[in-house]
Amino acid sequence: MKKSISLLAILTLLGCKENLVKKPERLIEKSKMMDIMYDLSLLEAIKYQNPAVLDSNQIRPKQFIYKKYKIDSLQLAQNNVYYAADYKSYKVMFETVVKRITDEKKRAIAATKAEEKKNKIRMAKLKKKKQLAKKSRDSIAVLKIKKE
């Protein structure tokens, strides 16, 4: 009997999940919400990896998000609860954000490697110029010795 009541309660809750969380009056569209989630993820990562960057630039992550997206804390919280009520959709949103972060990380790594390669080439050219300049000075020194 207890099992059937529990099962009935679960089915009732699942069937009425749209009624559990009402659509917020100021709904943030899904794509904008994913942008907010992305920015919050980056800012939180910076906060824990290198908090001095945020401190030196006087950036407070949540206030930055509120200003950038022209929202307030209540609107963000209500929308987060609304989207989280649909677990499957919310999971897809998070997976999209994670993919975006991964793609950006790959681009950053590629850009860093390209910059390192350019620096190595630049350093090799500079070294070669120094060697040529040294040889030129040696030749001049040899000419001065011969004249004396």
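Everything below is about the structure shown above.
Residues numbered from 1 in each chain as written. Predicted model: local features only at pLDDT ≥ 70, side-chain atom pairs only at ≥ 80, totals over all residues. Heavy atoms only, no water.

> Give me the lowdown on the overall build of the chain, citing residues and values where you can.
Within the chain one finds seven helices and zero strands. Along the chain, helices and strands appear, N-terminal first, in the series α-α-α-α-α-α-α. Looking at the chain as a whole, 17% of its 148 residues are labelled buried. In the chain, the share of contacts with a sequence separation of at least 24, taken over all contacts with a separation of at least 6, comes to 71%. With the model as given, the accessible surface of the chain reaches about 12600 Å², and the carbon-plus-sulfur share is 61%. (Helix = DSSP H or I, 4+ residues; strand = E, 2+ residues; numbered from the N terminus. Buried < 20%, exposed > 50% of the residue type's maximum accessible area, 1.4 Å probe, protein only. Contact = heavy atoms within 4.5 Å. Areas by Shrake-Rupley, 256 points an atom, 1.4 Å probe, with all protein chains shown as cover.)

> Explain the packing of helix α3 (residues 30-49) against helix α6 (residues 73-84) to me, and be specific about the residues and the numbers.
For the pair α3 and α6, the least separation of the axes is 12 Å and the interaxial angle reads 110°. Comparing the axis directions of α3 and α6 gives the class roughly perpendicular. Judged by residue contacts, K30, M33, I36 and L40 of α3 engage L76, N79, N80 and Y83 from α6. Among the residues making up the contact of α3 with α6, the classes are represented as five nonpolar, two polar and one charged. (Axes fitted to C-alpha atoms, helices over the stretch in contact; angles between N-to-C directions. Parallel < 35°, antiparallel > 145°, perpendicular 65-115°, else oblique. Nonpolar A, V, L, I, M, F, W, Y, C, P; charged D, E, K, R; others polar.)

> Quick rundown of α6? Include the residues and the values.
The end-to-end C-alpha distance of α6, which contains 12 residues, comes to 16 Å, matching closely the 16 Å that a straight helix rising 1.5 Å per residue would cover. Turning to α6, its buried residues number three or more, namely Q75, L76, N79 and Y83. Mapping the buried residues of α6 onto a view down its axis gives an arc of 95°, with all of them on the same face. If you check the start of α6, you find a side-chain oxygen 3.3 Å away from the backbone N of L74, and it comes from D72. (Expected span 1.5 Å × (residues − 1). Arc of directions from axis to C-beta. Polar contact = N/O pair within 3.5 Å; in protein donor to acceptor, adjacent residues only side chain to side chain.)

> Residues and numbers for the pattern of salt bridges, please.
Within the structure shown, the criterion is met by seven salt bridges. Put simply, K91 and E95 hold a salt bridge, and the shortest N to O gap is 4.0 Å. Placement of the pair is K91 and E95 together in helix α7 (residues 87-147), with a separation of four residues, close to one helical turn. Look at K91 and you get partly exposed, because its relative accessible area is 42%. Exposure remark for E95: the relative accessible area of 45% places this residue in the partly exposed category. (Salt bridge = Lys/Arg side-chain N within 4 Å of Asp/Glu carboxyl O.)

> Any details on the side chain of N79? Residues and values, ideally.
Here N79 is to be found in helix α6. Here the side chain of N79 touches I28 through a polar contact of 2.7 Å, landing on its backbone nitrogen. One polar contact links the side chain of N79 to the main-chain carbonyl oxygen of Q75, over a distance of 2.7 Å. The contacts of N79, once residues within four sequence positions are left out, are P24, R26, L27, I28 and M33.

> Outline the packing of α3 against helix α5 (residues 61-69), supporting the account with residue identities and numerical values.
Contact geometry for α3 and α5: axes closest at 10 Å, N-to-C directions at 150°. Here α3 lies roughly antiparallel to α5, going by the angle between them. In this structure, α3 crosses over α5, and the sense of that crossing is right-handed. Between α3, through K32, D35, I36, D39, L40, L43, E44 and K47, and α5, the contact on the second element is made entirely by P61, F64, I65, K68 and Y69. Considering only residue class, the contact of α3 with α5 consists of seven nonpolar, no polar and six charged. (Left-handed = near helix turned anticlockwise from the far one by under 90°.)

> Quick rundown of the environment of M34? Include the residues and the values.
Turning to its location among the elements, M34 is positioned in helix α3. C-alpha separation for the pair M34 and V97, spaced 63 residues apart in sequence, amounts to 6.5 Å. With residues near it in sequence (within four places) discarded, M34 still touches M93, T96 and V97.

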